[in-house]
Amino acid sequence: MVRPVDAATVAAVFDPARLTLARESAAYSKRDLAEAIGRTPSAVTQYEAGLSRPSGPVIDACAAVLSVPIGFFATGRPRLQLDIGDAHFRSLRSARAAERRRALTMVELVWELTGQLTHHVRLPPLDLPDLTSSLTEPAAAARTLRAAWNMAPGPVPHMVRLLESRGLIVAFLDFSDSGRVDAFSTAAGGRPIIVLTTEKGTMLRTRFTAAHELAHLVLHTEVIPGDVAHERQADAFAAEFLMPAAEIASELPTRIDLPALLRLQQRWGTSVSALLYRCRELGTLTEASYKRAMMKISRLGWRTREPGEEFPIERPALLARAFELASTRGVTIPTFAEALQLPPARVRALFGMTDTRPLLRLVKNSSDTRTDHQHQTTF
Amino acid sequence: MERSRFDSIFREVDAGQVRGAVVQALRSGVEAAGQSFAFGAPRTDGHTYGNDLWRFVWYDMADVLKKLPGGAAVRRPRGSFLVDLRAAVLYPFRYGADRAADVTNYRMVESQFRRELLVDANTAEHLFWPEVVLVPYAANPGAGLVRAYVGGARIDEDDRLDWQWLEELDLGDLRGPVRRTDGDDLPVVPPFARRPEPELELTLTDDAPEGLGG
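What you see is a predicted model; the values in this text were computed from it and never measured.

Rules used throughout
- Residues numbered from 1 in each chain as written.
- Chains lettered and ligands numbered in written order.
- Predicted model: local features only at pLDDT ≥ 70, side-chain atom pairs only at ≥ 80, totals over all residues.
- Heavy atoms only, no water.
- Helix = DSSP H or I, 4+ residues; strand = E, 2+ residues; numbered from the N terminus.
- Buried < 20%, exposed > 50% of the residue type's maximum accessible area, 1.4 Å probe, protein only.
- Areas by Shrake-Rupley, 256 points an atom, 1.4 Å probe, with all protein chains shown as cover.
- Pairing = 2+ DSSP bridges.
- Arc of directions from axis to C-beta.
- Contact = heavy atoms within 4.5 Å.
- Core = buried A, V, L, I, M, F, W, Y, C linked by side-chain atoms within 4.5 Å.
- Buried area = accessible area lost by both parts, 1.4 Å probe.
- Salt bridge = Lys/Arg side-chain N within 4 Å of Asp/Glu carboxyl O.
- Polar contact = N/O pair within 3.5 Å; in protein donor to acceptor, adjacent residues only side chain to side chain.

With that settled, the discussion passes to the overall build of chain A. Each helix and strand in chain A was counted, giving 17 helices and seven strands. For chain A, buried positions account for 53% of its 379 residues. When the accessible surface of chain A is split by element, carbon and sulfur atoms take 52% of a total near 16,400 Å².

Turning to the pairing of strand E5 (residues 193-196) of chain A, a few remarks are in order. Residue and element names in this part refer to chain A. Of the two faces of E5, the one holding Ile193 and Val195 and the one holding Ile194 and Leu196 are both buried throughout. With four bridges connecting them, strand E3 (residues 169-172) and E5 associate as parallel partners. Residue phenylalanine 172 lies in a different strand from E5, and its bridge partner there is leucine 196. Pairing geometry for strand E4 (residues 184-186) and E5, over three bridges, is antiparallel. Bridging from a neighbouring strand, phenylalanine 184 pairs with valine 195 of E5. Taking the residues between adjacent antiparallel strands as the criterion, E4 and E5 are bridged by six residues, where glycine 190 takes a positive phi near 100 degrees.

Further remarks concern helix H17 (residues 344-351) of chain A. At 3.6 residues per turn, the α-helix brings residues three or four places apart onto the same side. Residues and elements named next belong to chain A. Inspection of H17 places Val347, Arg348, Leu350 and Phe351 among the buried residues, and these make up the whole buried set. Relative to the axis of H17, the buried residues are bounded by an arc of 160 degrees and lie together on one face. The inward-facing, buried residues of H17 abut helix H6 (97-117), helix H15 (318-327) and helix H16 (333-340). Once H17 finishes, glycine 352 follows within two positions and takes phi at roughly 85 degrees, a positive value.

With respect to the helices, strands and loops of the structure, A:Lys291 is situated in helix H14 (residues 287-299). On a C-alpha basis, the gap between A:Lys291 and A:Arg280 in space is 9.4 Å, while along the polypeptide they are eleven residues apart.

Another aspect to go through is the nonpolar core. Ranked by internal contacts, the top residues of the largest apolar core, which has 114 residues, are A:Met159, A:Leu214, A:Phe237, A:Phe241, B:Leu65, B:Leu90 and B:Leu161. Looking at this core, the element that brings in the most residues is helix H2 (residues 15-40) of chain B, giving eleven residues. For B:Leu90, the contacting residues outside a window of four places in its chain are B:Phe10, B:Val22, B:Trp58, B:Met61, B:Leu65, B:Leu82, B:Val83, B:Leu85, B:Val133 and B:Val135. In terms of nonpolar packing, the next biggest core, distinct from the first, is built from 61 residues, A:Ala7, A:Ala11, A:Val44 and A:Leu80 among them.

Turning our eyes to something else, we now look at the interface of chain A and chain B. Each side of the interface is counted separately: chain A has 57 residues, and chain B has 39 residues. Summing both partners gives a buried area of about 3,800 Å² for chain A against chain B, and 61% of it is carried by carbon and sulfur. Together, A:Arg122, A:Arg263 and A:Arg329 form the three largest contributors to the area buried by chain A at its contact with chain B, with a combined 19%. Our count for the chain A to chain B interface comes out at four salt bridges. A salt bridge links B:Asp206 to A:Arg122; its shortest N-O distance comes to 2.9 Å. Across the contact surface, chain A and chain B share nine residue pairs in polar contact (both at pLDDT 80 or more). Of all the secondary structure elements, the ones that give two or more residues to the side of chain A that touches chain B are strand E2 (121-122), helix H8 (159-165), helix H9 (203-219), helix H12 (258-268), H15 and H16 of chain A. Examining the composition of the side of chain A that touches chain B, we find that eight residues originate from one element, H12(A), more than from any other.

Residues and elements named next belong to chain A. Here the phi dihedral of serine 67 falls at roughly 60 degrees; this positive angle occurs in a residue that is not glycine. Residue position: serine 67 is located in the loop between helix H5 (56-66) and strand E1 (88-89). Classification of serine 67 as exposed rests on a relative accessible area of 51%. Although it is not a glycine, glutamine 341 adopts a positive phi angle of roughly 55 degrees. Along the chain, the position of glutamine 341 falls in the loop between H16 and H17. On the accessibility criterion, glutamine 341 (13% relative accessible area) is buried.

Structure representation (structure tokens):
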């Protein structure tokens, strides 16, 4: 691997796609970046297209603006380049293209991190049967997968851990303003990656979302982002996976009974909304009763947050535990930071670790009239 | 005042288990009511804690007690609720908000049903119960269930309850017919998550790559 020592060296081995990755990851448009580094938008376009090569000072400026080491822009490291069409996005309307691109850059970085990690640790082998050819009915596919995974009857105790135990990577979007990006998944990099979000998610909803994304991975090898039929199939799969009809049908109320639904919510780990939908699907509630019940829980505010949901969202642990194991060999966060050419804080975030160490806040001297911004840095 | 007749009323079943089941039902019903109130009150005009208690405590009383040997049935005289355990019917109500509230000084708002239940019981044809066991409890949205009793009483002319016997329940008594799903650990581990999680199989590779800390 190239170990650049200065910006001029990096300029000689510049990888255009790395600039795009860093820019999109930092949520900069080409125009914003051009302005920040004192170049024109067309110059940035030419750098990213490989039509021209940035000079050393431009590399330095890009690294400073985009918060990556200069070595990030060098060739020589394996790279996954995802397109929006490579991922199962729920809707192409809810988020801007730039927001989805930013989310995809995180997947690309998680993919690189996982690749580095597997030099040290064997992750659980991928156990994800392809159910596209033999079954067209999502509920049947869910039952088949539960059987193939030897799952005990009853509720799924930890949906995220289950996915990880079968070799899937689960990550949460690590930027805070991700409100318009829904969860998504992709198998484009080989080992599937499911990305969940915390912004809209409650614990129960996140479990259902994880099962929904699992459905896309086993049912939909052809990615059609936002396809309504695919989304419905994924919901049907998730409902059966988390609440098998054969087990839950006799427990569902036959009238609008919120206390009973709250008990089932606690027993099955699914939201009252999902349970009501299940009641309608399995015929324990009529369409009219279902609608009345949904209006009722809307009035109670339960569509936003339900009682009995005050549990922490299920968090992935696979990458962090793999790092812990690797660290017994003397591998550290800076080891990965150097390998990936990323700031250590970003590496920790990709591992899903929370950095509890205090932030060092550097404040520019007040006599400096050029700026009064506070600069915050983490190590 | 006779201290307690609970054991003799339920002498043909396990009175201790009935006692535990009542505690279970009160605790879970009050907790569910608290959750409902916390989320419903800020969002819905007219949402009251008392109404939540009414619904959730009754539901849980019926749900828990029906699992007792011999079962239980819900009776709905005059639109109200009674849990019928054959040996007696149970009638829970909130008498106060905190432990300091005095159950012996409680003034019950009179209704035709309550008068029939507590004055004319055994005479009104539609209210023929072998025994009426009141289940007064104190609860508030913050602390949940703080005190509970079982007892027998009549309403005097001043609408006060004239207690013939009264026994305070031990709120730590969980000898009910089903395993508890509430308690202090509820906010940490929900019931569905109490089963073991799948293991993550991780092993070190045979050789560490050069230059990566190995």
